[in-house]
Amino acid sequence: PTIEIIGGTVDIYVSQTKPTSAPTGMTKIDNGAGVVGTLGFNFVPAYLYVAQASGTTTSLVLSGIAATVAT
């Protein structure tokens, strides 16, 4: 599984349990600060949160991950 960031940079947080208010209670993934380009996952936790760090991200492309938007 991979995530590709197109434009800008993002910080990526993960958690195995549902956070009450993401990213509070979540952990920034290893090498998850200021991500741009493609990042591969060894495993994908239950919850993934992406926060804009700088610039303007125009696209996030997930591959090998079945994602739903949390409300």
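Shown above is the structure to which this text applies.
Residues numbered from 1 in each chain as written. Predicted model: local features only at pLDDT ≥ 70, side-chain atom pairs only at ≥ 80, totals over all residues. Heavy atoms only, no water.

Even after reading the chapter, I still don't get the overall build of the protein, so can you show me in this structure?
On a plain count of helices and strands, the protein comes out with zero helices and five strands. Counting from the amino terminus, helix and strand elements in the protein follow one another as β-β-β-β-β. Counting only C-alpha atoms, the protein reaches 30 × 25 × 25 Å along its principal axes. Considering the protein as a whole, with its 71 residues, one finds that 27% of them fall into the buried category. (Helix = DSSP H or I, 4+ residues; strand = E, 2+ residues; numbered from the N terminus. Buried < 20%, exposed > 50% of the residue type's maximum accessible area, 1.4 Å probe, protein only.)

So what exactly am I meant to see when it comes to the packing of aromatic side chains here?
What describes a pair of aromatic rings is the distance from one ring centre to the other and the angle between the planes of the rings. Applying the stated criterion to the full structure yields one aromatic pair. With a centroid separation of 6.3 Å and 55° between ring planes, the pair formed by Tyr 13 and Tyr 49 is classed as tilted. Taken as a pair, Tyr 13 in strand β1 (residues 2–15) and Tyr 49 in strand β4 (residues 47–54) lie far apart in primary sequence, 36 residues in all. (Phe/Tyr/Trp six-rings, centres within 6.5 Å; stacked < 30°, edge-to-face > 60°.)

I keep staring at the environment of Gly 40 and nothing clicks. Help me out?
Along the chain, Gly 40 falls in strand β3 (residues 35–40). Distance in space between the C-alpha atoms of Gly 40 and Ser 63 is 9.4 Å, their sequence separation being 23 residues. With sequence-adjacent residues up to four places away left out, Gly 40 is seen in contact with Pro 1 and Thr 2. (Contact = heavy atoms within 4.5 Å.)

Where do I start with the environment of Ile 65 in this structure?
Looking at the secondary structure, you find Ile 65 in the segment after β5 (59–63). Between the C-alpha atom of Ile 65 and that of Asn 31, which follows or precedes it by 34 residues, the distance is 19 Å.

Help me understand the layout of surface pockets, please; the structure alone is not making it clear to me.
Empty space left among the atoms is revealed by rolling a probe the size of a water molecule over them. One number sums up the size of the largest pocket: a volume of about 610 Å³. Lining of the largest pocket is provided by 23 residues; of these, Tyr 47, Leu 48, Thr 68, Val 69 and Ala 70 occupy positions nearest its centre. Counting only elements with at least two residues in the lining of the largest pocket, the list comes to β4 and β5. By residue number, the principal contributor to the lining of the largest pocket is β4, which donates four residues. In this structure, the second largest pocket is lined by Val 14, Ser 15, Gln 16, Ile 29, Asp 30, Asn 31, Leu 39, Gly 40, Phe 41, Asn 42, Phe 43 and Pro 45. Of the residues that constitute the lining of the second largest pocket, the class distribution is six nonpolar, five polar and one charged. (1 Å grid on protein atoms, 1.4 Å probe; cavity = no way out; pocket = protein on both sides within 12 Å on 5 of 7 lines; lining within 4 Å. Points joined across faces, edges and corners; volume = space filled by probe spheres on them. Nonpolar A, V, L, I, M, F, W, Y, C, P; charged D, E, K, R; others polar.)

The values are spatial; any link to function lies outside them.
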